[in-house]
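Next come the chains, spelled out residue by residue.
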Amino acid sequence: MVSVDTISWYLLVSTVMIIFGTVRLLLVRDLLARLIALDVTGIGVLLALVALAARSESSDPVLQALVITGLVIAVAFTGLGAVLIRRIEGLREDGGGGDRS
Amino acid sequence: MTFTQFSLGALALLPLLAAALTMLLPHPVRRALGVLVALLVAGFTAPVLGSVTSGELTELVLGGFDAPLGIHLRGDGLAAVFLGVTSLVGVVVTGYAAVLPKSTGAHLSATSWVTSHPGFWPLWLGCWSGLNAVYLSGDLFNLYVSLELVGLTAVALVAVGGQSAWEPALRYLFIAVLGSLMFLAGVGLLAAVTGTLDLHQTRSQLDELEDPTLPLLALTLITVGLAMKVALLPMHRWLVPAHSAAPSAVSPILSGVVIKAALVVLLRCWLWALPAVPGMQWLAWLLGGLGVAAVLVGSVLALRQDRLKPLVAYSTVAQIGYWFVAFPLLLHGEHDGAPLGSGAYNGLVALAAGHAIAKAGLFTAAGFLKDRCGTDKMSALRGAGAHHPVLILAMGMCAVGLLGLPISLGFTGKWQLATAAVGAEQWWVLLVVAAGTLLSAAYLLRGIAPLLLQAEVPENAPAAGPVRGRERLGEIAVLIFGVATIGTGLLGAWLGDLLEVGAWW
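All of these numbers come straight from a predicted model, not from anything done at the bench.

### Let's talk about the overall build of chain B
Next, step 1: When helices and strands are counted, chain B shows 19 helices and four strands.
Next, step 2: The C-alpha radius of gyration of chain B comes to 22 Å, within 12% of the 23 Å expected for a compact globule of 505 residues.
Next, step 3: Taking all 505 residues of chain B together, 62% fall into the buried category.
Next, step 4: Once local pairs closer than 6 in sequence are excluded, the contacts in chain B between residues at least 24 apart make up 80%.

So, in structure tokens, the structure goes:
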């Protein structure tokens with residue numbers, strides 16, 4: 001049995017992560033930093049779901065399914081974002097040539 | 001399993017399968033397969049529309065696993081309307097892209113930039129699969145997954161537009177993902193209280209809940225997240241660069257149907273998943289206020305554009321406003337008897353469906369002119385209409401739909417919205433609708449009028465070259481949208497009957 005206090009603690013941590021990630025995402029200009037801020041926000045949301053799932057004796061399968069799907073989607077958007085950032089920065093570096101990959 | 005049930009599954013899975021298959025094929029075969037799949041999907045839409053017309057709600061439980069863990073597909077009225085609209089837009093845009101491969105973006109070959117992008121086909125089919133799954137999903141989990149599929153493929157579809165489209169695509173990615181994370185957080189909160197993700201079960205569980213704070217918090221998160229993806233006013237700034245930098249065959253898909261997917265999810269959450277929670281009306285009034293601001297500010301910004309595609313994109317921002325103006329009226333029905341709420345709901349769906357067809361037509365036309373003349377600056381497009389009388393006629397018909405003149409779904413929608421507003425004694429709605437209509441007349445005139453002016457087109461300009469047969473075929477696509485905009489105006493009553501099937505009341 002996980003104590004309620006541990007869960008509140010994790011919920012607090014996840015809330016802080018979500019807020020920090022979102023603020024950073026909206027304020028910073030550097031593209032890579034924005035992508036990582038988005039990842040931090042995403043992990044914060046998933047952490048909150050894990051904490052909510054762990055409230056009962058046997059953890060909630062529905063919420064766990066949400067978390068696993070969320071992880072897969074986080075990988076997908078990070079990959080897509082990274083490719084786009086590499087192309088944009090490649091474009092800036094060689095002044096219009098673009099990245100070939 | 002009946003054929004209609006089979007169609008429900010096929011609508012979501014066939015395009016996904018085809019998307020995977022097209023990855024393995026060379027470019028010309030992709031085009032042929034894309035057209036074939038588009039026709040098949042339209043074919044599968046027909047039995048669903050048919051069964052909903054006869055008042056039946058078709059359900060399919062995939063693999064026999066029941067809720068809360070299984071996947072439920074529900075073909076109700078809302079799903080049928082948007083399936084129909086998406087199939088129409090999808091088939092025409094697919095045909096357009098197959099006839100004019102130039103409209104599918106640009107990619108870098110070994111030596112230089114080549115117009116046409118083979119990546120368009122798998123991405124578009126994947127996006128279509130996600131759209132159909134959003135309409136049919138009966139639970140929050142699949143709504144989330146399919147919305148995410150739509151969002152990620154839409155970002156990639158913007159990016160196939162070439163160098164100038166990469167930055168708008170990345171900006172779109174950030175907002176779309178942030179929006180869906182907030183949606184996920186809201187769904188997680190709901191699931192933590194109710195222990196289920198099925199829409200009906202969630203509603204009945206929440207009905208028994210005493211404390212309204214948590215559903216309200218979840219609904220706020222869901223609403224803010226989805227409003228980002230729909231591009232409601234203060235969160236609209238990603239839409240204009242993304243929709244105008246996207247390739248010609250992609251902008252109509254994005255503006256026509258992709259933002260409708262987020263709207264459908266929002267309606268599912270507000271009307272199906274949650275019972276009337278005290279405090280909800282404040283949120284509805286906030287959305288209504290933002291909707292009013294979107295109608296006014298979006299229209300004024302559209303007036304100030306000097307390029308055609310951004311003008312059309314800002315007109316989308318303005319039209320989005322109308323859907324949210326209906327939200328405060330939706331809730332009235334929950335408290336004072338259903339007809340009022342259902343009137344606003346019918347109006348909202350009619351406006352969104354009419355917008356999908358008309359805006360797809362207008363964006364296809366704008367993209368066509370941009371591809372042909374090499375620019376979409378309105379000063380450079382003066383007189384372009386002389387060579388394309390059919391295109392201009394079709395653009396005019398689409399403009400009728402966006403204005404909401406009779407006969408079009410835009411008119412039906414505005415009429416129902418205004419009737420519901422009079423019933424609820426919310427007179428301000430009439431003012432907003434009138435002001436929005438006048439402003440949209442102004443910006444549409446500003447967009448289309450230069451094309452009609454007599455102007456000397458320089459002989460070496462691309463616009464002066466002979467129009468090829470394929471381009472004439474491309475114009476037919478816009479004409480189909482124009483005719484459909486007017487034609488669907490006659491279906492207003494049928495739309496109301498469809499929406500009654502499986503409605504929340």
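### A word on the overall build of chain A
Next, step 1: Helix and strand counts for chain A come out as three helices and zero strands.
Next, step 2: When its helices and strands are written in sequence order, chain A yields α-α-α.
Next, step 3: Taking all 101 residues of chain A together, 29% fall into the buried category.
Next, step 4: The long-range fraction of contacts in chain A, counting pairs at least 24 apart against all pairs at least 6 apart in sequence, stands at 49%.

### Re the domain arrangement of chain B
Residue and element names in this part refer to chain B.
Next, step 1: As far as domains go, chain B holds domain 1 (1–106 + 114–278) and domain 2 (295–505).
Next, step 2: In this complex, domain 1 contributes 41 residues to the contact, which on the side of domain 2 involves 42 residues.
Next, step 3: For the side of domain 1 that touches domain 2, the secondary-structure elements that each account for two or more residues are helix 2 (27–53), helix 3 (77–99), helix 9 (239–245) and helix 10 (251–273).
Next, step 4: At 12 residues, the largest contribution of residues to the side of domain 1 that touches domain 2 is made by helix 3.
Next, step 5: When its residues are assigned to classes, the side of domain 1 that touches domain 2 shows 25 nonpolar, 12 polar and four charged.

### What about the packing of helix 12 (residues 308–325) of chain B against helix 17 (residues 428–452) of chain B?
All names here are of chain B.
Next, step 1: One can describe the packing of helix 12 onto helix 17 by two numbers: an axis separation of 11 Å at closest approach and a directional angle of 170°. Taken together, the axes of helix 12 and helix 17 lie roughly antiparallel to each other. Across the interface between the two elements, Leu308, Leu311, Ser315, Ala318, Tyr322 and Val325 from helix 12 touch Val429, Val432, Gly436, Ser440, Tyr443 and Gly447 from helix 17.

### Quick word on the packing of helix 6 (residues 163–194) of chain B against helix 8 (residues 213–230) of chain B
Residues and elements named next belong to chain B.
Next, step 1: Interhelical geometry of helix 6 versus helix 8 gives an angle of 160° and a closest axis separation of 7 Å. By the criterion of interaxial angle, the relationship of helix 6 to helix 8 is roughly antiparallel. Crossing handedness for the pair helix 6 and helix 8: left-handed.

### Overview of the UniProt feature "transmembrane region" (unreviewed entry) in chain A
Next, step 1: Following the UniProt record, one finds the feature "transmembrane region" (unreviewed entry) at residues 6–28, 35–56 and 62–85 of chain A.
Next, step 2: Taken as a whole, residues 62–85 of chain A contains 100% helix and 0% strand, while its terminal C-alpha atoms sit 34 Å from one another.

Quick notes on the rules
Residues numbered from 1 in each chain as written. Chains lettered and ligands numbered in written order. Predicted model: local features only at pLDDT ≥ 70, side-chain atom pairs only at ≥ 80, totals over all residues. Helix = DSSP H or I, 4+ residues; strand = E, 2+ residues; numbered from the N terminus. Rg over C-alpha atoms; globule rule 2.2 N^0.38 Å. Buried ≥ 20, exposed ≤ 12 C-beta atoms within 10 Å, placed from the backbone. Contact = placed C-beta atoms within 7 Å. Domains from an automatic or database assignment. Nonpolar A, V, L, I, M, F, W, Y, C, P; charged D, E, K, R; others polar. Axes fitted to C-alpha atoms, helices over the stretch in contact; angles between N-to-C directions. Parallel < 35°, antiparallel > 145°, perpendicular 65-115°, else oblique. Left-handed = near helix turned anticlockwise from the far one by under 90°. UniProt positions renumbered as here; feature names shortened; annotations may be inferred.

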